[in-house]
Amino acid sequence: RKREYVWEEKKIGSGPPPLKTDRGWLLIYHAVDRKSIYRTGVALLDLDEPSTVIARSPYPILEPEENYEKYGDVNNVVFPEGAVVRGDDLFVYYGSADKYCSLATINLTDLLDYLMGFKH
């Protein structure tokens, strides 16, 4: 997918494998801006035609805020590496400043509802 937002300006890269949901494939990815700050984005792809984007958030769902995300071997990095659904919660495992492993959680239904506000 092309770069559409300032926080994706330098590059977009893969994250964990897409997760199949009842609304489509949930894609979690990383992007880098011109100041080399890594953030995490999210999109929803069609189940039958994954090249078709159903919805994509114009805002990152995770960005460096905590000291362990801002300072480390490479500063200002949140880099999604793994994702799993447990019950109705999404667990996203991510690298922080290339020094730590971290975990972010969100209610999956809430995230999908949020995404549907940005339908393409």
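Look a little higher up for the structure.
Residues numbered from 1 in each chain as written. Predicted model: local features only at pLDDT ≥ 70, side-chain atom pairs only at ≥ 80, totals over all residues. Heavy atoms only, no water.

> Can you walk me through the overall build of the protein in this structure?
When its secondary structure is counted, the protein shows two helices and eight strands. Going from the N terminus to the C terminus, the protein shows its helices and strands as β-β-β-β-β-α-β-β-β-α. In terms of C-alpha radius of gyration, the protein reaches 14 Å, essentially the compact-globule figure of 14 Å for 120 residues. Across the 120 residues of the protein, 40% fall into the buried class. Sequence-distant contacts, at least 24 apart, represent 45% of the contacts inside the protein between residues at least 6 apart. Total accessible area computed for the protein in this model is approximately 6800 Å², and 49% of it derives from carbon and sulfur atoms. Distance between charge centres in the protein, computed from 15 positive and 19 negative side chains, equals 6 Å. (Helix = DSSP H or I, 4+ residues; strand = E, 2+ residues; numbered from the N terminus. Rg over C-alpha atoms; globule rule 2.2 N^0.38 Å. Buried < 20%, exposed > 50% of the residue type's maximum accessible area, 1.4 Å probe, protein only. Contact = heavy atoms within 4.5 Å. Areas by Shrake-Rupley, 256 points an atom, 1.4 Å probe, with all protein chains shown as cover. Lys, Arg positive; Asp, Glu negative; His and termini not counted. Charge placed at Lys NZ, Arg CZ, Asp CG, Glu CD.)

> Is there a simple way to think about the sheet that holds strand β8 (residues 100-107) in this case?
Hydrogen bonding along the main chain pairs the strands of a sheet, whether they run parallel or antiparallel. On the basis of which strands lie adjacent, the open sheet formed by three strands has the order β6-β7-β8 and antiparallel pairing. Edge positions in the sheet fall to β6 (78-86) and β8, since each has one partner strand and no second. Strand-to-strand twist of the sheet, defined as the mean angle between neighbouring strand axes without regard to direction, takes the value 25°. As paired strands, strand β7 (residues 89-96) and β8 are joined by eight bridges and run antiparallel to one another. When the bridges of β8 are listed, Tyr-94 appears paired with Ser-102. The strands touched by helix α2 (residues 108-116) are β6, β7 and β8; relative to β8, the strand with the most contacts, the crossing angle is about 75°. (Pairing = 2+ DSSP bridges. Axes fitted to C-alpha atoms, helices over the stretch in contact; angles between N-to-C directions.)

> Before we go on, may I ask you to explain the pattern of salt bridges in this structure?
Two side chains that carry opposite charge are able to pair once their charged atoms sit near each other. On inspection of all chains with the given rule, the structure shows six salt bridges. A salt bridge links Arg-56 to Glu-8; the nearest nitrogen and oxygen atoms lie 2.6 Å apart. On the criterion of sequence distance, the pair formed by Arg-56 in strand β5 (residues 53-56) and Glu-8 in the segment before β1 (11-14) is long-range, its members being 48 residues apart. Residue classification places Arg-56 among the buried positions, given a relative accessible area of 3%. Classification of Glu-8 by relative accessible area gives buried; the value is 0%. The salt bridge involving Glu-63 is made with Arg-39; its shortest N-O contact spans 2.8 Å. Residue Glu-63 is found in the loop between β5 and α1 (67-70), and its partner Arg-39 is found in strand β4 (residues 38-45); the two are separated by 24 residues along the sequence. For Glu-63, a relative accessible area of 31% corresponds to the partly exposed category. Through salt bridges with shared partners, a single ionic network connects Glu-4, Glu-8 and Arg-56. (Salt bridge = Lys/Arg side-chain N within 4 Å of Asp/Glu carboxyl O.)

> What is the right way to read the pairing of strand β3 (residues 24-32) from this model?
The side chains of a regular strand alternate, first on one face of the sheet and then on the other. Of all the nine residues making up β3, seven are buried; the element is thus mostly covered by neighbouring parts of the structure. As paired strands, β1 and β3 are joined by four bridges and run antiparallel to one another. In the sheet register, Lys-11 faces β3, and the bridge partner there is Val-32. As paired strands, strand β2 (residues 19-21) and β3 are joined by three bridges and run antiparallel to one another. Opposite Lys-20, over in β3, you have Trp-25 as the bridge partner. Hairpin geometry of β2 and β3 is characterised by an intervening segment of two residues between the two adjacent antiparallel strands. As paired strands, β3 and β4 are joined by eight bridges and run antiparallel to one another. By the bridge assignment for β4, Ile-28 is matched with Val-42. Counting the residues between successive antiparallel strands, the hairpin from β3 to β4 contains five residues, one of them, Ser-36, with a positive phi of roughly 65°.

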